[in-house]
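Fold and contact review
Below are the chains, spelled out letter by letter.
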Amino acid sequence: MKRLILTRHAKSSWDDPLTPDHDRPLNERGKAAAADLGQWLASRGYVPDEVLCSDALRTRTTWSGIAPALPGTPTLALKPALYHAGPDVMLAVLRHAKGDVVMMIGHNPGIAEFAARLVAHVPASPDFNRYPTGATLVADFNVDSWDQVTFGSGTVDDFIIPREIVA
């Protein structure tokens, strides 16, 4: 059994329109949402042993906000290929994962499509298809190795967006 925690980066800042997209930071709401996501994950026992993260500043900062709430120190791999990746690229990256519980942090629009294609049945949440900032899907796969994962093979355990987290 393998578990994937699929998170879109938290809310980023648009304060400086000259900042390159790759270098956009989180805004204050995004920083708070990342910390809330960390608490939510820890409270449910959704603790990754490996994190595959886009190398963009906003995804790295999202992880930095989540990490303090989680026990242990998962292996962190920055993956430039996840920056604005589509579903096929995201699946290819996931298939090289080594952990039993893997967190992947990426971007829309690719992450929304990846989440929808990955599971057999999408959650009933009206927010699932748009996968807003901070959206997090937890899905299980009845496989021995990540290279066996295919689209449509995941089972949804949970789905949350930061504004639904009650601290």
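First things first, this report covers the structure right here in the doc. This one's a predicted model, so the numbers in the text were calculated from it and none came from an experiment.

Quick notes on the rules
- Residues numbered from 1 in each chain as written.
- Predicted model: local features only at pLDDT ≥ 70, side-chain atom pairs only at ≥ 80, totals over all residues.
- Heavy atoms only, no water.
- Helix = DSSP H or I, 4+ residues; strand = E, 2+ residues; numbered from the N terminus.
- Rg over C-alpha atoms; globule rule 2.2 N^0.38 Å.
- Pairing = 2+ DSSP bridges.
- Axes fitted to C-alpha atoms, helices over the stretch in contact; angles between N-to-C directions.
- Contact = heavy atoms within 4.5 Å.
- Phe/Tyr/Trp six-rings, centres within 6.5 Å; stacked < 30°, edge-to-face > 60°.
- Buried < 20%, exposed > 50% of the residue type's maximum accessible area, 1.4 Å probe, protein only.
- Right-handed = clockwise from strand over helix to strand, strands pointing away.

Let's talk about the overall build of the protein chain
Counting its regular elements, the protein chain contains four helices and six strands. Listed by position from the N terminus, the elements making up the protein chain come as β-α-β-α-β-α-β-α-β-β. The C-alpha radius of gyration of the protein chain comes to 14 Å, within 12% of the 15 Å expected for a compact globule of 167 residues. Counting only C-alpha atoms, the protein chain reaches 45 × 35 × 30 Å along its principal axes.

Considering the sheet that holds strand S5 (residues 136–141)
Across the sheet, six strands lie side by side as S3-S2-S4-S1-S5-S6; this open sheet has mixed pairing. The open sheet terminates on both sides in strands that have one partner only, identified here as strand S3 (75–78) and strand S6 (155–160). Taken pair by pair, the neighbouring strands of this sheet meet at an average axis angle of 15°, ignoring direction. Bridging between strand S1 (residues 2–8) and strand S4 (residues 101–106) involves six bridges; their strand directions are parallel. Looking at the pairing, Leu 4 lines up with Val 102 of S4. The strands that helix H2 (residues 57–66) touches are strand S2 (50–53), S3 and S4; relative to S4, the one it contacts most, it runs at about 135°. Along the sheet face, helix H3 (residues 87–94) touches S1, S2 and S4 and points at about 145° away from the line of S4.

A look at the packing of aromatic side chains
Pairs of aromatic rings are described using the distance from one ring centre to the other and the angle between the two planes. As enumerated under the stated definition, the model contains six aromatic pairs in all. Arranged with centres 5.1 Å apart and planes meeting at 75°, the rings of Phe 128 and Phe 159 form a pair that is edge-to-face. Taken together, the residues Phe 128 in the loop between helix H4 (110–118) and S5 and Phe 159 in strand S6 connect sequence positions 31 residues apart. You can call Phe 128 buried: its relative accessible area is 1%.

Section: the pairing of S2
Here S2 shows no split at all, with Glu 50 and Leu 52 on one side and Val 51 and Cys 53 on the other all buried. Summarising the sheet, S2 and S3 pair through four bridges and their orientation is parallel. Paired with Val 51 across the strands is Leu 76, a residue of S3. In this fold, S2 hands off to H2, which returns the chain to S3; that crossover is right-handed. Alignment of S2 against S4, held across four bridges, turns out to be parallel. Each residue of the ladder has a partner; that of Cys 53, found in S4, is Ile 105.

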